[in-house]
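# Chains, contacts and geometry: an overview
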Amino acid sequence: MTDSLQAAPGPFFGEFGGRFVPEALMAALDELTDAYEKARIDPSFREELDRLGRDYSGRPSIVTEIPRFARHCGGARVFLKREDLNHTGSHKINNVLGQALLTKRIGKSRVIAETGAGQHGVATATAAALMDLECTVYMGQEDTERQALNVARMRLLGATVVPVLSGSRTLKDAINEAYRDWVANVDTTNYVFGTAAGPHPFPAMVRDFQRVIGVEARAQMLARGALPDAVIACVGGGSNAIGIFDAFLDDASVRLVGCEAAGDGVETGRHASAISGGRPGVLHGSQSYVLQDADGQTQPSHSISAGLDYPGVGPQHAWLAALGRAEYWAITDAEAMEAFRLLCRTEGIIPAIESAHALAGAMKLGVELGSSATILVNLSGRGDKDVETAGKYFALLPEPTS
Amino acid sequence: MTALSDRLAEIKAEGRAALIGYLPVGYPSVKGSIAAMVAMVEAGVDAVEVGIPYSDPVLDGPVIQRAAEAALASGTRVSDAFLAVRAVVDAGAPAVVMSYYNPMLQYGLERFATDLAAAGGSGGITPDLTPDVGEAWIAAATARGLDRIFLVAPSSTPERLHMTVAATTGFVYAASLMGVTGERTAVGGAAERLVARARDAGAPAVCVGLGVSTGAQAAQVAAYADGVIVGSAFVRPLLDAAEPEAGIEALKVKVAELAAGVRGRA
């Protein structure tokens, strides 16, 4: 194909994407789209975002080769793109700095966000503190209990955290509640969406703000000699994956692999693999793959990783899967935790459990490709937030002394 | 013309506004919800909106959310809505369904329209499907003579308002305020301005929903709109009742209050 797949503008990506939301939100989404279209071609916006990346969140993030881990990957050479080293500990900051700047541009004084594990909530609270915006974060009640430390972190940063009691009390319900807030407060409030999903312009806009990951990584790999044979990343909503994929989309020699969370295994029904185990449908404003029953009711997702525990996926991933440009694998909790343990022990890097799904994918891919291959893994986040989960999983926590 | 359009025209000729009542199918049970809808008709609603419960109702406030969650937990299916539509029509009132898009999409838009028409329904209200992305639904509904009822909001731009009014049949659903469904202490001036804007854009009938919960509010809205849509205030008696029968009795009292309201007797 001759047309570039990079930076596809939306609102539709093939049959996926679009904007399926209440009419009340259309004006705000149009305003946001318009402001974004202007900002993306405005050099001063780009410069400000680059400055924040450089002086605040620590860009460019480095690339690290991990030879001891690579022994478990069929002997392939494996490199990590270190988004875990960003300020706030994950790729999420790239997106929120862009959206917070845009909020200032459209003259709004308040931001709202949804969060699952808390990474996007923490990043949004951080950007709000930096840019003097009022901030409310919606978080499923179950997640506020599972991730109490991140709740405290957001509150330290001055955000209001609202535990969501409706529905399944997890990320999808936090998104519903954020929409309800937005409908009622759209005059003053901008919705800082955390992943490359939702209604237009979010999938394209979030992708563009995360695109820097792949742009940097592609240059860094070329500087080391050549493009990688494969790029691999975890996929929940899919923002870190689309962020690293985009710059490689037109490099036909580079295989792109997204790793969805398979939980206990796709065949058990307890998983979060929307592409491998779901069907096309509409959830949270766009057409994509959704975990749903025959009647289109969203089904609960399951994953050891709270950040991947979402029953949908960004529409651009659905499109890349349909085109065959990217492939999507399902990685179980057990496979991810084995990769997590190995990276800790072999390289002295504690990854986010989300990112460990990509590491597990690299272990399989390396065996498939063999020792001459080079694999680039997006290490989307660090594992500090997951120490308790991993400690329990590996039975490393002290016994209660009662 | 659908039964709904005919009925709205008759009511207009009577010199009053219509009262349209919403209830989700499946709460407290499929049977119980159908009994409640029929009771609403007997107590004075002019048309019924049969709600299809959905797992992710972004435009609904806590009252309708609670009822919809309970309906889904007890196994309510999309097809149950057509049973309710048939029962309402048999009781003598036009019925429309109100559904978020994904349940319609998964049921199949053609099949949905076929089954809705076969049940005697007049059309569908789609809170998260706007005409600009609703071509397939518009085609399916039009082919079977069904109304496709879209929403306008106080935030709708003039362009979108015209586009929506042009694509809508039956009545234009005017959201009275920027917010989700639920009872409010007052219906603000935004609703009246929006009705006027929709009329200017060519809407033959405009009904107002969101926030109307008392006879006095209904009377106030009835003074400028073709119809008053009431949801949460009718669901609440069912939620609050200890027994389904008591819920239906309390619902009838509430319907009578609102029915008097649209007749200017609040």
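Residues numbered from 1 in each chain as written. Chains lettered and ligands numbered in written order. Predicted model: local features only at pLDDT ≥ 70, side-chain atom pairs only at ≥ 80, totals over all residues. Heavy atoms only, no water.

### As for the overall build of chain B
- Helix and strand content of chain B: 12 helices and 9 strands.
- The globule rule puts the C-alpha radius of gyration for 266 residues at 18 Å, and the 17 Å found for chain B is close to it.
- By its C-alpha atoms, chain B is 45 × 45 × 30 Å across when sized along the principal axes.
- Counting every position in chain B, which comprises 266 residues, the buried fraction comes to 63%.
- Relative to all contacts within chain B whose residues are 6 or more apart in sequence, the contacts with residues 24 or more apart total 72%.
- Within the structure as shown, chain B displays about 9,100 Å² of accessible surface, and the carbon and sulfur contribution to it stands at 56%.
- Put simply, chain B has 20 plus and 27 minus side-chain charges, and the middle of one group is 2 Å from the middle of the other. (Helix = DSSP H or I, 4+ residues; strand = E, 2+ residues; numbered from the N terminus. Rg over C-alpha atoms; globule rule 2.2 N^0.38 Å. Buried < 20%, exposed > 50% of the residue type's maximum accessible area, 1.4 Å probe, protein only. Contact = heavy atoms within 4.5 Å. Areas by Shrake-Rupley, 256 points an atom, 1.4 Å probe, with all protein chains shown as cover. Lys, Arg positive; Asp, Glu negative; His and termini not counted. Charge placed at Lys NZ, Arg CZ, Asp CG, Glu CD.)

### Considerations on the overall build of chain A
- Helix and strand counts for chain A come out as 16 helices and 15 strands.
- Out of the 402 residues belonging to chain A, those deemed buried represent 64%.
- Long-range pairs, those at least 24 residues apart, make up 74% of the contacts in chain A with a sequence separation of at least 6.
- Surface exposure of chain A reaches about 14,000 Å², of which carbon and sulfur atoms provide 52%.
- Taking the 37 positively charged and 48 negatively charged side chains of chain A as two groups, their mean positions are separated by 4 Å.

### A short note on helix α13 (residues 315-323) of chain A
- If you check which residues of α13(A) are buried, you get A:Pro315, A:Gln316, A:His317, A:Ala318, A:Trp319 and A:Leu320.
- Looking one or two residues beyond α13(A), the residue adopting positive phi is A:Gly324, at roughly 80 degrees.

### What to know about the packing of aromatic side chains
Residue and element names in this part refer to chain A.
- Considering all chains together, one arrives at 18 aromatic pairs over all chains under this definition.
- Here Tyr191 and Phe193 contribute two aromatic rings whose centre-to-centre distance is 5.4 Å and whose plane-to-plane angle is 90 degrees, an arrangement assigned as edge-to-face.
- Ring centres of Phe340 and Phe394 lie 6.4 Å apart, and the angle between their planes is 25 degrees; on these two criteria the pair is classed as stacked. Of this pair, Phe340 sits in helix α14 (residues 333-347) while Phe394 sits in the segment after α16 (387-393); the two residues are 54 residues apart in sequence, bridging distant segments of the chain.
- Judged by relative accessible area, Phe340 falls into the buried class, the value being 4%.
- Given the relative accessible area of 25%, Phe394 is considered partly exposed. (Phe/Tyr/Trp six-rings, centres within 6.5 Å; stacked < 30°, edge-to-face > 60°.)

### Focus: the confidence of the model for chain B
- With 100% of its residues at a pLDDT of 70 or more, chain B has an overall mean of 96.
- Overall fold confidence for the complex sits at a pTM of 0.96, while the interface term, ipTM, reaches 0.96. (pLDDT = per-residue confidence, 0-100.)

### A look at the interface of chain A and chain B
- Of the residues lining the interface, 34 residues belong to chain A; the matching set on chain B comes to 36 residues.
- Note on chain A versus chain B: buried area summed over both sides is about 2,700 Å², and carbon and sulfur give 51% of it.
- Looking at the side of chain A facing chain B, the largest losses of area belong to A:Glu23, A:Arg180 and A:Asp295, adding up to 27% of the total buried there.
- Counting across the chain A and chain B interface gives 3 salt bridges.
- Among the ionic pairs, B:Arg77 bridges to A:Asp295, the shortest N-O distance being 2.8 Å.
- Our enumeration of links across chain A and chain B arrives at 21 residue pairs in polar contact (both at pLDDT 80 or more).
- Elements with a contribution of two residues or more to the side of chain A that touches chain B: α1 (23-40), α8 (171-185) and β12 (279-283) of chain A.
- Considering each element in turn, the side of chain A that touches chain B owes the most residues, 8 residues, to α8(A). (Buried area = accessible area lost by both parts, 1.4 Å probe. Salt bridge = Lys/Arg side-chain N within 4 Å of Asp/Glu carboxyl O. Polar contact = N/O pair within 3.5 Å; in protein donor to acceptor, adjacent residues only side chain to side chain.)

### Considering the environment of A:Ser303
All names here are of chain A.
- By the element assignment, Ser303 lies in the loop between β13 (286-290) and α13.
- Separated by 30 residues in sequence, Ser303 and Asp333 have C-alpha atoms that sit 6.6 Å apart.
- Beyond its immediate sequence surroundings of up to four residues, Ser303 is in contact with Ala261, Gly263, Ala272, Leu308, Asp309, Asp333 and His357.
- Polar contacts involving the side chain of Ser303 include one to the main-chain amide nitrogen of Ser305, which spans 2.9 Å.

### Describing the side chain of A:Asp173
- Position of A:Asp173 relative to the elements: it lies in helix α8.
- Only 3.0 Å separates the side chain of A:Asp173 from the backbone nitrogen of A:Arg169, close enough to count as a polar contact.
- Separated by 3.2 Å, the side chains of A:Asp173 and A:Lys172 make a polar contact.
- The contacts of A:Asp173, once residues within four sequence positions are left out, are A:Val164, A:Ser166, A:Gly167, A:Ser168 and B:Asp56.

### Points about the sheet that holds strand β6 (residues 134-140) of chain A
All names here are of chain A.
- Taken together, 4 strands build an open sheet; the order of strands is β7-β6-β5-β8 and the sheet is parallel. At either margin of the open sheet sits one strand with a lone partner, and together these are β7 (160-164) and β8 (189-191). Here the strands of the sheet are splayed against their neighbours by 25 degrees on average, with no regard to which way each runs.
- As judged from the 5 bridges shared by β6 and β7, these two strands associate in the parallel manner. By the bridge assignment, Val137 is partnered in β7 with Val161.
- Contacting β5 (110-115), β6, β7 and β8, α8 crosses the sheet at an angle of about 160 degrees to β5. (Pairing = 2+ DSSP bridges. Axes fitted to C-alpha atoms, helices over the stretch in contact; angles between N-to-C directions.)

### Observations regarding the pattern of salt bridges
- Scanning the entire structure with this criterion turns up 44 salt bridges over all chains.
- When salt bridges with common partners are traced through the structure, they connect B:Arg7, B:Glu10, B:Glu14, B:Arg16 and B:Asp46 into a single cluster.

### Some words on helix α1 (residues 3-13) of chain B
Residues and elements named next belong to chain B.
- Of the positions making up α1, those classed as buried are Leu4, Ser5, Leu8 and Ile11. Down the axis of α1, the buried side of the element spans an arc of 125 degrees, and every buried residue falls inside it.
- On its buried face, α1 sits against β1 (18-24), β2 (47-51), β3 (95-98) and β5 (147-149).
- Looking one or two residues beyond α1, the residue adopting positive phi is Gly15, at roughly 80 degrees. (Arc of directions from axis to C-beta.)

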